[in-house]
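Each chain, written out:
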Amino acid sequence: QTITGKVVSVDELRKKGHFLIEVAYGEDDQERVQIVADRPVTEGQQAKVALDGAQLPDGKVAKRSKIAGEWSEGVLLSLGSAPAAAAPAPVVEEVAAAEPDTEEAGGGGDGKARQRKKKK
């Protein structure tokens, strides 16, 4: 399933260039999903997210995975524009990081997880 929602929180992670974002979606934005993104994100931006089990444009299937020590419950597909008041000044470096086909790949634990592993 692919959803479109609004970014309600952004936290920079210890691993440089990774951000823990929370996206609110559904009726009255009551449902929330936690995603690890590898590009700058602003609160209030529209975000298109492929949830666990959804087919990605490249044919792969989105899975819940640990990235940069945090659980990502899907894959960030694209970002819409931020509200005018919250729009950051453009930075040349962000252009390369905003390519829509960039994937959060691999995970590769760095051993600094802040959450405990859950046993299934």
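Residues numbered from 1 in each chain as written. Predicted model: local features only at pLDDT ≥ 70, side-chain atom pairs only at ≥ 80, totals over all residues. Heavy atoms only, no water.

**Side note on the pairing of strand E2 (residues 19–25)**
Heads up, the rule is: Working definition: with a 1.4 Å probe on protein chains only, accessible area under 20% of the residue-type maximum means buried, over 50% means exposed, and in between means partly exposed. Think of it this way: any DSSP run of H or I at least four residues long counts as a helix, any run of E at least two long counts as a strand, and we number them from the N terminus. Following DSSP output, two strands are said to pair if at least two bridges run between them.
Most of E2 is tucked away, with six of its seven residues classed as buried. In this sheet, E2 lies alongside strand E1 (residues 2–12) in antiparallel orientation, the contact comprising six bridges. Across the sheet, the residue bridging to valine 10 is isoleucine 21, located in E2. With antiparallel pairing between neighbouring strands as the criterion, E1 and E2 make up a hairpin whose turn holds six residues, including glycine 17 at a positive phi of roughly 85°. In this structure, E2 lies alongside strand E3 (residues 31–37), joined through seven bridges in antiparallel fashion. If you follow isoleucine 21 over to E3, its bridge partner there is isoleucine 35. The hairpin turn running from E2 into E3, its antiparallel successor, is five residues long, and glycine 26 in that turn takes a positive phi close to 85°.

**Brief notes about unusual backbone geometry**
A positive phi angle, close to 55°, is found at aspartate 28, a residue other than glycine. Using a relative accessible area of 65% as the deciding quantity, one classes aspartate 28 as exposed. Positive phi, close to 50°, is recorded for aspartate 29, a residue that is not glycine. Looking at the element boundaries, aspartate 29 is found in the loop between E2 and E3.

**Things to note about the nonpolar core**
Counted only if it meets this: Think of a nonpolar core as a cluster: buried Ala, Val, Leu, Ile, Met, Phe, Trp, Tyr and Cys residues, connected wherever their side-chain atoms sit within 4.5 Å.
Among the nonpolar cores identified, the biggest contains 14 residues, and Ile3, Ile21, Val23, Val33, Val49 and Leu76 are the most heavily contacted of them. Residue assignment for this core shows that the elements contributing at least two residues are E1, E2, E3 and strand E4 (46–51). When residues of this core are assigned to their parent elements, the largest contribution, four residues, is made by E2. Core analysis: the next-biggest nonpolar cluster, separate from the first, contains six residues, Ala50, Leu56, Ala62 and Leu77 among them.

**Examining the packing of aromatic side chains**
For any pair of aromatic rings, the description consists of the separation of the ring centres together with the inter-plane angle of the planes. Quick reminder of the rule: Put simply, two rings from Phe, Tyr or Trp (the six-membered ring, in Trp's case) pair if the centres are within 6.5 Å, and we call them stacked under 30 degrees between planes, edge-to-face over 60, tilted for the rest. Charge over a ring is defined by NZ of Lys or CZ of Arg lying within 6 Å of the ring centre and within 35 degrees of the ring normal.
A complete count under the given rule lists zero aromatic pairs for this structure. One cation-aromatic arrangement involves arginine 64 over tryptophan 71; the distance from NZ or CZ to the ring centre is 4.2 Å.

**Observations concerning the side chain of histidine 18**
Where we set the bar: N or O atoms within 3.5 Å of each other form a polar contact, as long as, within protein, one can give a hydrogen and the other can take it, and as long as residues adjacent in sequence are counted only when both atoms are side-chain atoms. Two residues form a contact once any of their heavy atoms are found within 4.5 Å.
Following the sequence through the fold, histidine 18 ends up in the loop between E1 and E2. Look at histidine 18 and you get buried, because its relative accessible area is 14%. A distance of 3.5 Å separates a polar side-chain atom of histidine 18 from the backbone oxygen of lysine 16. Those residues within four positions of histidine 18 in sequence are excluded, and the remaining contacts are Asp11, Glu12, Leu13, Val36, Ala37, Asp38, Ile67 and Ala68.

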